[in-house]
Amino acid sequence: MTYLRNTLSFLFIILLITGCGQTTTEQQQEQVVTDDIPEEVKIEKALYDDVMDVHDEMMPKMENMMSMKGKLKEKVDLLKEEATQTELVNELEMMIQSLETADEAMMNWMRQFDPETDSLSHEEIVEYYTTQKAKMDSVKVIMVEAIESAAAKLEEL
């Protein structure tokens, strides 16, 4: 079963790669081939894609987060030199911490994510990807909140 699943997954990926620019006849032939893929494999692939879609949406924001973190640190350093506005310093430091927490949440998720599911049953794969999607959604919330808060404060400064 694992061999069949791997073979079919490989075939599915090849079809996706070569599918660009095909004529209608070629697309119809491809449809016949993909119709042969077991429903379980289609479900597993869709769940994996859901997880990776959120990851791929958020990953480019990591650089922006680090840039904002740097700008906030510069402002904190300047305010500390002036020894004024300690409330603002504390607020900016909390935002920096939020950005660091968001960064660490993404890093932790990536370290624990293991898409190698060959030894798992269909039910275990579905459960794994469903859990991973929930985790990635949580990471997204943390990142979005930290980014929006920091961006708003930087515009205000």
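Residues numbered from 1 in each chain as written. Predicted model: local features only at pLDDT ≥ 70, side-chain atom pairs only at ≥ 80, totals over all residues. Heavy atoms only, no water.

Turning our eyes to something else, we now look at the overall build of the protein. A count of helical and extended segments in the protein gives six helices and zero strands. Starting at the N terminus and walking to the C terminus, you meet the elements of the protein as α-α-α-α-α-α. The buried share of the protein, taken over its 157 residues, is 31%. Here the analysis covers contacts within the protein between residues at least 6 apart in sequence; of these, 74% occur between residues at least 24 apart. (Helix = DSSP H or I, 4+ residues; strand = E, 2+ residues; numbered from the N terminus. Buried < 20%, exposed > 50% of the residue type's maximum accessible area, 1.4 Å probe, protein only. Contact = heavy atoms within 4.5 Å.)

One way to put it is that helix 3 (residues 39-58) packs onto helix 5 (residues 86-112) with a least axis distance of 12 Å and a crossing angle of 140°. Here helix 3 lies oblique to helix 5, going by the angle between them. Considering only the axes of helix 3 and helix 5, their crossing is left-handed. Facing helix 3, whose interface residues are Val51, Met52, His55 and Met58, helix 5 presents Met106, Trp109 and Met110. When grouped by side-chain class, the residues that make up the contact of helix 3 with helix 5 number six nonpolar, one polar and no charged. (Axes fitted to C-alpha atoms, helices over the stretch in contact; angles between N-to-C directions. Parallel < 35°, antiparallel > 145°, perpendicular 65-115°, else oblique. Left-handed = near helix turned anticlockwise from the far one by under 90°. Nonpolar A, V, L, I, M, F, W, Y, C, P; charged D, E, K, R; others polar.)

It is worth spelling out the pattern of salt bridges at this point. Taken as a whole and assessed by the stated rule, the structure comprises nine salt bridges. Between Glu93 and Lys80 there is a salt bridge; the shortest N-O distance is 2.8 Å. Residue Glu93 is located in helix 5, and its partner Lys80 is located in helix 4 (residues 61-82); the two are separated by 13 residues in the primary sequence. Looking at Lys80, the relative accessible area reads 48%, which means it is partly exposed. (Salt bridge = Lys/Arg side-chain N within 4 Å of Asp/Glu carboxyl O.)

Packing of helix 3 against helix 6 (residues 122-156) brings their axes to within 9 Å, and their N-to-C directions diverge by 15°. By the criterion of interaxial angle, the relationship of helix 3 to helix 6 is roughly parallel. When you trace helix 3 past helix 6, the crossing you get is left-handed. Note on element contacts: helix 6 touches helix 3 through His122, Ile125, Val126, Tyr129, Thr130, Gln132, Lys133, Met136, Asp137, Lys140, Met143 and Val144, opposite Glu40, Ile43, Glu44, Leu47, Tyr48, Asp50, Val51, Val54, His55, Glu57 and Met58. Each residue belonging to the contact of helix 3 with helix 6 can be placed in one class, and the counts come to twelve nonpolar, four polar and seven charged.

The next thing to look at is the packing of aromatic side chains. Under the counting rule described, the total for this entry stands at six aromatic pairs. On the basis of an interplanar angle of 25° and a centroid distance of 6.4 Å, the ring pair of Tyr48 and Phe113 is categorised as stacked. Here Phe113 lies in the loop between helix 5 and helix 6 and Tyr48 lies in helix 3, a separation of 65 residues in the sequence. Tyr48 gets classed as partly exposed once you look at its relative accessible area, which sits at 28%. On the numbers, 4.6 Å between centres and 20° between planes, the contact of Trp109 with Phe113 is stacked. For the pair shown, Trp109 and Phe113 are each scored as buried. Following the ring pairs from residue to residue traces out a cluster consisting of Tyr48, Trp109, Phe113, Tyr128 and Tyr129. (Phe/Tyr/Trp six-rings, centres within 6.5 Å; stacked < 30°, edge-to-face > 60°.)

This brings us to the confidence of the model for the protein. Chain-level statistics for the protein give a pLDDT mean of 85 and a share of 78% at 70 or above. Model confidence for the protein, summarised as mean pLDDT per element, is weakest for helix 1 (residues 2-18) at 46 and strongest for helix 6 at 97. Counting interchain partners and residues more than four positions distant, the pLDDT-below-50 stretch residues 10-16 has eight contacts. (pLDDT = per-residue confidence, 0-100.)

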